[in-house]
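Architecture at a glance
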Amino acid sequence: MSVATQQRSAAVTVLVPILGDQLSHAIASLRNRSRSDTVVLMMEVADEARYVRHHKQKIIFILAAMRHFAAELAAAGWTVDYIRLDDADNSGSFAGELTRAVARHRPHAIAMVEPGEWRVRQAIDAWRARFDGSMDILEDDRFLCSISEFRRWAGQRSTLVMEYFYRDMRRKTGLLMTPDGAPVGGQWNLDDQNRAPPKKGQTYPAPLRFAPDAVTQEVIALVEDRFPDHFGNTATFALPVTARQAQQALAHFIDQALPHFGTFQDAMVAGEDLLFHSWLSPALNIGLLTAGEATAAVAAAYEAGKAPLNAAEGFVRQLIGWREYVRGYYWLEMPGVADANALGAERPLPEFFWTGETDMFCLAEAVRNTRDNAYAHHIQRLMVLGNFAMLAGVRPQDVGDWFLTVYADAFEWVELPNVLGMSQYADGGRLGTKPYAGGGAYINRMSNYCGHCSYDVKAKTGPQACPFNALYWDFLARHEDRFRSNRRMANMYANWDRMGPDKQQAYRKSAAAFLAGLIAAAPGWVRA
Ligand code: FAD
Ligand code: DLZ
Ligand code: SF4
């Protein structure tokens, strides 16, 4: 491997630690800095792989991308002190490696970009308090909205409605805006054109899969050796691990998938792991690609007539709307939100989230995609996995641990708001105004899953009936006090009322029988 671990001969002045999700050549800590008095520190540490037992592909992805990035920096003339996981003296933690690096290089200053996760920020701040030199923590300006800017935005409002934040971000970036400040096409949000079910006979583009090179293969062997019991397949690893590959993935998405991305954003199809989704979140979240680059390329494709507005707007909304919004929410609400459990859900996570062994085809299919690719698309996460967990009353922190462990794109700043806020309603509606709850009819309408399933989606109660049906009504009944007065749920309660007591009882008995049969996961899946 060509990673440079050079000792500098001249007195070193500035140490620049770069974390595994900061792999951007334009990172603020390197900007305007001289190569002659800088040592870049990159640290592979076992603690980060083990604080939850990440999917093997997630560890491979981050370590392989780190090694490629370090080699690129070295080739560009930077001095890189790269600590490998299997280095003999590796302490296993960021704090331990910072201490060792200070002893090696005796820097007069340290400069690093703010860590993306609360947990890591706390550890770095604690270390910094003990360090007797100067240490600058710089803003992560790869995000389009800073943490302080979001705080100001939120401070002026009683509720955090994403739509208003999104409009401000459109104005700020000028993306898909006319010169006189109006949204292109006259509407801010084309979400109502993003919900078509899959079409019979539709074909889907083949995902762009990157074959592991020698560097990545070495990491795969290392991960198999060091973390053999972690969840996930490694033979199917195909993620981009360099900025160049991430650009290829973006170009492939724009060319092959973007034209249909908007229309079929909520569709699900058996055996189709991506449909028209981009699979760019892993690369975006570790910095191989920035949101600015991806949205500019998509807006340009729209302007060139290569994609319709509902696709370009849908994609831009996810990135400058949702992605930036959840990050702002995370830093606004942490650490309290991590323990949120507004619905008092206490059931442990079912075992099938790990094994995939369930007769519910939609869930088995989502777990398979997760195991094979460390990926599932948004509607699998929200309306299959998350929906099931919420309806079944699974403890939100167990759900969060699972999502954080299994996805290559899972970093707490984006995972936690999506799980606790959007999907589990654990924050009591701070992020979303109503729970994302759906029965079998929703999944049947938006997918072809039910045709493959041994349950009957049309049957309402009894052992053969789709479990989502009874669980849905049981959830509404359990949380009637909270949700009946929610205007957006009035229709659902009107339907519940029309059923009458016998039918209501049958639903509740069916749900109870199903829930009694669920097997809980053993604790060792997440933490040793
Ligand atoms: P596309 O559908 O192609 O969307 C394009 C991009 O938009 C994504 O790459 C992503 O960067 C961004 N995006 C879309 N939706 C969201 C969103 N809700 N929040 C933030 N960014 C969004 N996303 C993560 O990046 N990491 C996570 O750990 C994560 N956990 C999730 C957990 C749950 C329960 C839910 C419901 C959603 C979660 N998401 C998470 C959001 C979303 O599901 C993924 O970003 C998306 O599935 C990634 O696949 P893609 O790149 O093909 O996305
Ligand atoms: C997730 C992860 C893993 C598995 N390994 C490393 C690592 O060895 N070195 C590193 O710098 N980062 C790693 N990461 C990412 C971190 O856990 C964390 O998400 C980021 O530092 C953001 O705070
Ligand atoms: Fe899922 Fe129910 Fe359809 Fe089976 S019948 S795939 S459990 S929604």
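Residues numbered from 1 in each chain as written. Chains lettered and ligands numbered in written order. Predicted model: local features only at pLDDT ≥ 70, side-chain atom pairs only at ≥ 80, totals over all residues. Heavy atoms only, no water.

Taken together, 28 residues surround ligand 1, and among them His277, Ser278, Trp279, Tyr375 and His378 come closest. One of the backbone nitrogen or oxygen atoms of Trp279 is found 2.8 Å away from an oxygen atom of ligand 1. At 3.5 Å, a side-chain N or O of Arg381 approaches a nitrogen atom of ligand 1. Starting from 810 Å² of accessible surface for ligand 1 in isolation, the protein chains cover 99%. (Near = heavy atom within 4 Å. Polar contact = N/O pair within 3.5 Å; in protein donor to acceptor, adjacent residues only side chain to side chain. Areas by Shrake-Rupley, 256 points an atom, 1.4 Å probe, with all protein chains shown as cover.)

Before going further, it helps to examine the sheet that holds strand 3 (residues 79-83). Pairing in this open sheet of five strands is parallel, and the strands run 3-2-1-4-5 from one edge to the other. Two strands in the sheet have a free side with no partner beyond their single neighbour: strand 3 and strand 5 (134-138). Put simply, the sheet's adjacent strands are angled 20° from each other on average, direction ignored. Across five bridges, the pairing between strand 2 (residues 38-43) and strand 3 is parallel. Each residue of the ladder has a partner; that of Leu41, found in strand 3, is Asp81. Against the sheet, helix 2 (residues 56-75) contacts strand 2 and strand 3, and its axis sits at roughly 155° relative to strand 3. Running over the sheet, helix 4 (residues 118-130) touches strand 4 (109-113) and strand 5 and is turned about 160° from strand 5. (Pairing = 2+ DSSP bridges. Helix = DSSP H or I, 4+ residues; strand = E, 2+ residues; numbered from the N terminus. Axes fitted to C-alpha atoms, helices over the stretch in contact; angles between N-to-C directions. Contact = heavy atoms within 4.5 Å.)

What follows concerns the nonpolar core. Of all hydrophobic cores here, the largest spans 173 residues; its most connected members are Ile18, Met42, Leu258, Tyr325 and Phe388. Broken down by element, this core gets its largest block of residues, 13 residues, from helix 11 (residues 309-333). When neighbours within four sequence positions are excluded, Ile18 is seen to be in contact with Leu23, Ile27, Ser29, Leu30, Val40, Leu41, Met42, Phe69 and Leu73. Counting residues in each nonpolar core, the second largest holds 19 residues, with Leu41, Met43, Val45 and Val120 among its members. (Core = buried A, V, L, I, M, F, W, Y, C linked by side-chain atoms within 4.5 Å. Buried < 20%, exposed > 50% of the residue type's maximum accessible area, 1.4 Å probe, protein only.)

The domain architecture assigned to the chain consists of domain 1 (14-138), domain 2 (154-213 + 228-333) and domain 3 (352-516). Computed from C-alpha coordinates alone, the two centres of domain 1 and domain 2 are separated by 29 Å. Every contact between the two is made by 25 residues of domain 1 and, on the other side, 23 residues of domain 2. Summed over both partners, the interface of domain 1 with domain 2 buries about 2000 Å², with 62% contributed by carbon and sulfur atoms. By the criterion of area lost to domain 2, the three top residues of domain 1 are Lys56, Gln57 and Phe61, representing 33% of everything that side buries. At the junction of domain 1 and domain 2, the tally comes to one salt bridge. (Domains from an automatic or database assignment. Buried area = accessible area lost by both parts, 1.4 Å probe. Salt bridge = Lys/Arg side-chain N within 4 Å of Asp/Glu carboxyl O.)

In this section: the packing of helix 8 (residues 243-261) against helix 11. Here helix 8 crosses helix 11 at 100°, and the two axes come no closer than 7 Å. Relative to helix 11, the element helix 8 lies roughly perpendicular. Note on element contacts: helix 11 touches helix 8 through Ala311, Gly314 and Phe315, opposite Phe253, Leu258, Pro259 and Phe261. Looking at side-chain class alone, the contact of helix 8 with helix 11 contains six nonpolar, one polar and no charged residues. (Parallel < 35°, antiparallel > 145°, perpendicular 65-115°, else oblique. Nonpolar A, V, L, I, M, F, W, Y, C, P; charged D, E, K, R; others polar.)

With that out of the way, let us pick up the packing of aromatic side chains. Evaluation of the coordinates by the stated rule reveals 34 aromatic pairs. Between Phe143 and Trp413, the aromatic rings sit 5.1 Å apart at their centres with planes inclined by 85°, giving edge-to-face as the arrangement. Taken together, the residues Phe143 in the loop between strand 5 and helix 5 (147-155) and Trp413 in helix 16 (residues 412-423) connect sequence positions 270 residues apart. We note that Phe143, like Trp413, is buried. With 5.2 Å between their ring centres and 35° between their planes, Phe253 and Phe315 make a pair best called tilted. In this pair, Phe253 is assigned in helix 8 and Phe315 in helix 11, connecting sequence segments 62 residues apart. Accessibility classification places Phe253 together with Phe315 in one group, the buried group. (Phe/Tyr/Trp six-rings, centres within 6.5 Å; stacked < 30°, edge-to-face > 60°.)

Note: most residues except glycine have negative phi, and most peptide bonds are trans. The omega angle of the peptide bond from Met334 to Pro335 is 5°, so this bond is cis rather than trans. When you line up the elements, Pro335 lands in the loop between helix 11 and helix 12 (352-355). A positive phi is found at Asn32, a non-glycine position, where the angle reads about 55°. When you line up the elements, Asn32 lands in the loop between strand 1 (14-17) and strand 2.

Let us look at helix 21 (residues 501-516). Under the 1.5 Å per step criterion, the end-to-end length of helix 21 is 22 Å for 16 residues, consistent within 8% with the ideal 22 Å. Buried-residue contacts for helix 21 involve helix 14 (378-392), helix 18 (467-478) and helix 20 (490-499). (Expected span 1.5 Å × (residues − 1).)

Of all residues in the chain, 98% have pLDDT values of 70 or greater, and the mean over the chain is 96. Scored below 50 in pLDDT, residues 1-10 shows 26 contacts in the model against residues more than four places distant or in partner chains. (pLDDT = per-residue confidence, 0-100.)

Side chains of strand 5 alternate between two faces, with Met135 and Ile137 buried and Ser134, Asp136 and Leu138 left unburied. Bridge count for strand 4 against strand 5 is five bridges, and the pairing is parallel. Bridge pairing in strand 5 links Ile110 to Met135. At this point the chain moves from strand 4, through helix 4, to the parallel strand 5, and the crossover so formed is right-handed. (Right-handed = clockwise from strand over helix to strand, strands pointing away.)

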